[in-house]
Amino acid sequence: MKYVIYCRKSTDTEDKQVASLESQENELLELAKRYGLNVVKILHESRSAKAEGRPIFASVLAMIQKGEADAILCWKLDRLARNMADAGRIIDLLQHSVIKEIRTHDAIHLPSDNVLMIAVQLGMANQYVRDLSENVKRGNRTKLERGGWPNHAPFGYINNKFTKTLYLDEKVAPFIPRLFEVYAQGGKSLKEVSEQLYAEGLRTRSGKKANKGFIHRVIRDPFYTGVMLRTGKYYQGTHEPLISKELYDTANNVLDGKLHGRQQKRFFHLRGFMKCANCGCAITASKRKGHDYYFCTNGKRNCEENRHYLRAEKIDEMIAEALTKLQCDKELVEIAYEAAKEKVSSEGQYSTASVEMLEKRVEAIESSQSKLADSYAAEVTPEAIYTPKMKAWSNEIVALKTEIKKLKGKSNEGVSTLEPIKNTFLQGISAQKNYLDASPEEKRVLVSELLWNLSLGNQKIQSLQFKPLYAAIAKEPKPDDFAKMLRGQDSDLLRKLMGLAGKPFPTLPRENLTTRSLYQLLRDSAKKSAPHPSRGSRADGGWSAGGNLCAERVGANIITNGRSPYQKDRTPRLRP
C-alpha cells in the first residue's frame, strides 16, 4: 500500500504549536520505518478541522481517489476531522475500500472494521470542539462582564500578558482623539483624514499608512469611549478611555451623514457667524485687493445691504471692543475662587437621590432578568422573547452603571468643578488682547467659544450675544478696585465672608455654579449678612481714615490671608 502522511496543527500562526508538526512527522516516519510502510508523500496543514474547507486535506482525498495513494498515516483520527461533514467523507471512502487503511500511532482502521468505532471517535472529536467553543465563549463573557477585554488589544492599546489587562500604547494612543477630532469637524473624507494623520506621524502596527477602511473601523468602535461591544451587547470596560462619548457621537453622525461639513476653498475667519440685521440672510465674504470684505448674501432679493462691503479689520475692532465687557478684576476672581473652593470641598457635590434611584433601577432589572431566566429554563417563555429582552436589559444595565459611575465620580470633583469657572473668568479678562493678537484661525476659534448671533448692518455690528456663561459675566458690574467693592461694608464682615474668620462661605447650589457669576455670589452674600453701620464708619457708608482699615488695606489683608503687608510678623488687629 502507498501511504500519505498527514500532519495537522490547529492554528495558522507560526508562533503557536511550532513543534507540533515536526514531532508528528518524526513519530509517523519512525512508525513507517518500523513496519516497513511505503510513504509516497508527507503533507502538513496549519488549520483548524472544526469546519470544512481545508485545502491540504482535500488534496489528500484527491490523491487517494486518483490512485496515487490508498492509505493514510496520521497521529490520531482527530487530525483528520473534527466536523461531521469531513468525518462522513472519510468513513464513506473507508467503507468502499477507496481508503484501504487508516493507521494511527495506536490503532489500525480497515474497511472490514465496525464503522461504529470510527464514528464514535470522530464524533467525540467533534463534540470536544463544540464543548471547547462553549467554554471559551463562557470565559469571554465572564471577562467582559468584569470589564476585561478577552481578545487582542485594539489599536492604541497593548495587552499586558502578566495581568491580562490593557494599557495605553504611548506611541499611537494620542492619535486616536486627534483622528476623531479631525473627522468630527466635518468637511474631510476618510481618505483626507488618512493623508493628514499620515503626515502628522500616524502609522499602523505594521508601519504602514492607516487607510480609509482602518479610519472607518476606528470611528465605529465604541471601545475608545470605555464601552466594549461584543455580539451586539455592550459591556462597561475597565480600560482607560481615549475620547468622550460626545466626540464619538459627533464623529459617527458625520460618518452617517447626519452632520455635514464643507471644506472652504478660501478661509474667512468670520464667515458663518454673522447674519444681516436688515433681512436676516447670511453674511458672506470675498477677497478684494488683498483684503477680506463681508457683505449680505441678499438671499431674499429685497435687501440693499449686499451693496455695502465692510472690511474684516473693522469688524475685528468692533468685536474686540465688545469683549471689553468680559474684563474684571483678576485678584477678585482669585479671592472668590479660593472662598468658593473652601465651601465646595466640605460638601458632597453629587446627587445621592439620583444615584439611589439608578441603583434601584439596576436592581429591578436584575430581578426581572432572574425571573425571565427561570421562566425560560422552565420552557414557559420562548427563545424569541427571551433573547432580545435579555439583551435589551443587559444594555440598559451597562448604560445605568455608566451613569452611576459618572455621578459618583462627581463627588470628587468639588474643587475641580470651580476650576473651569475660574478659567472662564480669566479667559474673559484676556479675551480682547488675545483676539487682537490672534491669527485668523485663532480668531475664529475665539469667536465660536465666546459669541453667537452676530448681526451686521449699516457698516456696523448691530447686535451680538455672548455664550451663556460669558453673558452672565458681561452683565455684572465691574468694580475698578477693592475700595469700590468693599465700600460701606464692615471689615470684620468681609473677613468672615472670605472665610478668614472661620465662617463658612455662603451656600450656593451646585447647578448655579455654571450660570451665575462669582461677583453676584460675593455681592449677595454681603447683602444677607451686612450689619448696621458700626462705629468707625462714616455716615455716607465710606471708610473713616481714623477708624477701620481703609479699603485698600482690607483688600491687601485678604490677599495675604490675614497678614498685613505692612506688618509681616503679626496680624493687624481690626476694630469691631
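Everything quoted here is computed from the prediction, not taken from an experiment.

The rules behind the values
Residues numbered from 1 in each chain as written. Predicted model: local features only at pLDDT ≥ 70, side-chain atom pairs only at ≥ 80, totals over all residues. Heavy atoms only, no water. Pairing = 2+ DSSP bridges. Helix = DSSP H or I, 4+ residues; strand = E, 2+ residues; numbered from the N terminus. Axes fitted to C-alpha atoms, helices over the stretch in contact; angles between N-to-C directions. Contact = heavy atoms within 4.5 Å. Buried < 20%, exposed > 50% of the residue type's maximum accessible area, 1.4 Å probe, protein only. Lys, Arg positive; Asp, Glu negative; His and termini not counted. Salt bridge = Lys/Arg side-chain N within 4 Å of Asp/Glu carboxyl O. Polar contact = N/O pair within 3.5 Å; in protein donor to acceptor, adjacent residues only side chain to side chain. Patch = residues over 30% accessible without salt bridge, like charges linked within 9 Å, V, L, I, M, F, W, Y side chains within 5 Å. Areas by Shrake-Rupley, 256 points an atom, 1.4 Å probe, with all protein chains shown as cover. Charge placed at Lys NZ, Arg CZ, Asp CG, Glu CD. Parallel < 35°, antiparallel > 145°, perpendicular 65-115°, else oblique. Left-handed = near helix turned anticlockwise from the far one by under 90°. Core = buried A, V, L, I, M, F, W, Y, C linked by side-chain atoms within 4.5 Å.

**Student:** I'd like a description of the sheet that holds strand S12 (residues 291-296), backed by residues and values.
**Tutor:** Taken in spatial order, the 3 strands line up as S11-S12-S13 in an open sheet, and their pairing is antiparallel. Bordering the open sheet on either side are strand S11 (283-288) and strand S13 (310-311), each of which pairs with just one other strand.

**Student:** Please provide a residue-by-residue account of the sheet that holds strand S10 (residues 274-276), values included.
**Tutor:** With mixed pairing, the 3 strands of this open sheet are ordered in space as S10-S14-S15. A single partner strand is all that each edge strand has here, and the edge strands are S10 and strand S15 (460-466). Neighbouring strand axes in the sheet, compared pairwise and without regard to direction, differ in orientation by 25° on average. By the bridge criterion, 3 bridges tie S10 to strand S14 (residues 451-457) in an arrangement that is parallel. From the neighbouring strand, methionine 274 faces S14, where its bridge partner is leucine 454. Strands in contact with helix H9 (residues 312-322) are S10, S14 and S15; relative to S15, the strand with the most contacts, it is inclined by about 40°.

**Student:** Explain the pairing of strand S9 (residues 233-236) to me, using residue names and the numbers behind them.
**Tutor:** For a regular strand, side-chain orientation follows a simple rule: the groups alternate between the two sheet faces. Residue alternation in S9 divides its side chains into a buried set, Lys233 and Tyr235, and an unburied set, Tyr234 and Gln236. As paired strands, strand S8 (residues 227-230) and S9 are joined by 4 bridges and run antiparallel to one another. Within S9, the position partnered with methionine 228 by the bridge is tyrosine 235. Joining the antiparallel neighbours S8 and S9 is a turn of 2 residues, in which threonine 231 adopts a positive phi near 50°.

**Student:** Talk me through the side chain of glutamate 305; I want residue IDs and the actual numbers.
**Tutor:** Mapped onto the elements of the fold, glutamate 305 is located in the loop between S12 and S13. In this structure glutamate 305 is buried but unpaired, with arginine 307 as the nearest side chain of opposite charge at 10 Å. Within the structure, the side chain of glutamate 305 is placed 3.4 Å from the backbone nitrogen of asparagine 458, a separation counted as a polar contact.

**Student:** Give a detailed account of the side chain of lysine 233, specifying residues and quantitative values.
**Tutor:** Along the chain, the position of lysine 233 falls in strand S9. Buried charged residue lysine 233 carries no salt bridge. Nearest counter-charge: glutamate 145, at 4.5 Å. One polar contact links lysine 233 to serine 394, side chain to side chain, over a distance of 3.3 Å.

**Student:** I'd love a proper account of the pattern of salt bridges, names of residues and values included.
**Tutor:** Within the structure shown, the criterion is met by 15 salt bridges. Of the charged contacts in the structure, one is a salt bridge between aspartate 78 and arginine 79, with a shortest N-O distance of 3.3 Å. One salt bridge connects lysine 209 with glutamate 195, and the closest N-O pair in it is separated by 3.0 Å. Placement of lysine 209 in the loop between helix H6 (190-200) and helix H7 (212-220) and of glutamate 195 in helix H6 is noted, with a sequence separation of 14 residues between them. Judged by its relative accessible area of 37%, glutamate 195 falls in the partly exposed class. Look at the salt bridges and you will find they share partners, linking Asp78, Arg79 and Arg82 into a network.

**Student:** Give a description of the environment of glutamate 246 that names residues and reports values.
**Tutor:** Within the secondary structure, glutamate 246 is located in helix H8 (residues 245-255). Along the backbone, glutamate 246 and threonine 225 are 21 residues apart, and their C-alpha atoms lie at a distance of 9.3 Å.

**Student:** An account of a positive patch on the surface is requested, with residue identities and associated values reported.
**Tutor:** Side chains of Lys50, Lys137, Arg138 and Arg141 sit close together on the surface and give a patch of like positive charge. Topologically, lysine 137 is positioned in helix H4 (residues 115-145). A residue is classified by how much of its surface remains accessible, and lysine 137, at 44% relative accessible area, is partly exposed.

**Student:** Tell me about the packing of H6 against H7, and name the residues and values.
**Tutor:** Helix packing for two helices is described by the angle between their axes and how far apart those axes are. Running from N to C, H6 and H7 point in directions that differ by 100°, and their axes come no closer than 8 Å. On the basis of their axis angle, the class for H6 and H7 is roughly perpendicular. Residue-level inspection shows Leu190, Lys191, Val193, Ser194 and Leu197 of H6 in contact with H7, the latter providing Lys212, Ile215, His216 and Ile219.

**Student:** A description of the packing of helix H3 (residues 84-95) against H4 should follow, citing residues and the corresponding values.
**Tutor:** Contact pair H3 / H4: the axes reach a minimum separation of 10 Å and the direction vectors enclose 165°. Compared by their axis directions, H3 and H4 come out roughly antiparallel. For the pair H3 and H4, the crossing hand works out as right-handed. Contact with H3, carried on its side by Met84, Ala87, Ile91, Leu94 and Gln95, involves Val115, Ile118, Ala119, Leu122, Gly123 and Asn126 of H4 and no other residues of that element.

**Student:** So what's going on with the nonpolar core? Which residues, and what values?
**Tutor:** Grouped together as the largest cluster of nonpolar side chains are 38 residues, with contacts concentrated most on Met274, Tyr294, Ile315, Ile319 and Leu323. Discounting chain neighbours no more than four positions away, the residues touching leucine 323 are Gly428, Ala431, Gln432, Tyr435, Leu450, Leu451 and Phe466. In terms of nonpolar packing, the next biggest core, distinct from the first, is built from 36 residues, Phe155, Ile215, Phe223 and Leu255 among them.

Distances and angles like these do not, on their own, reveal function.
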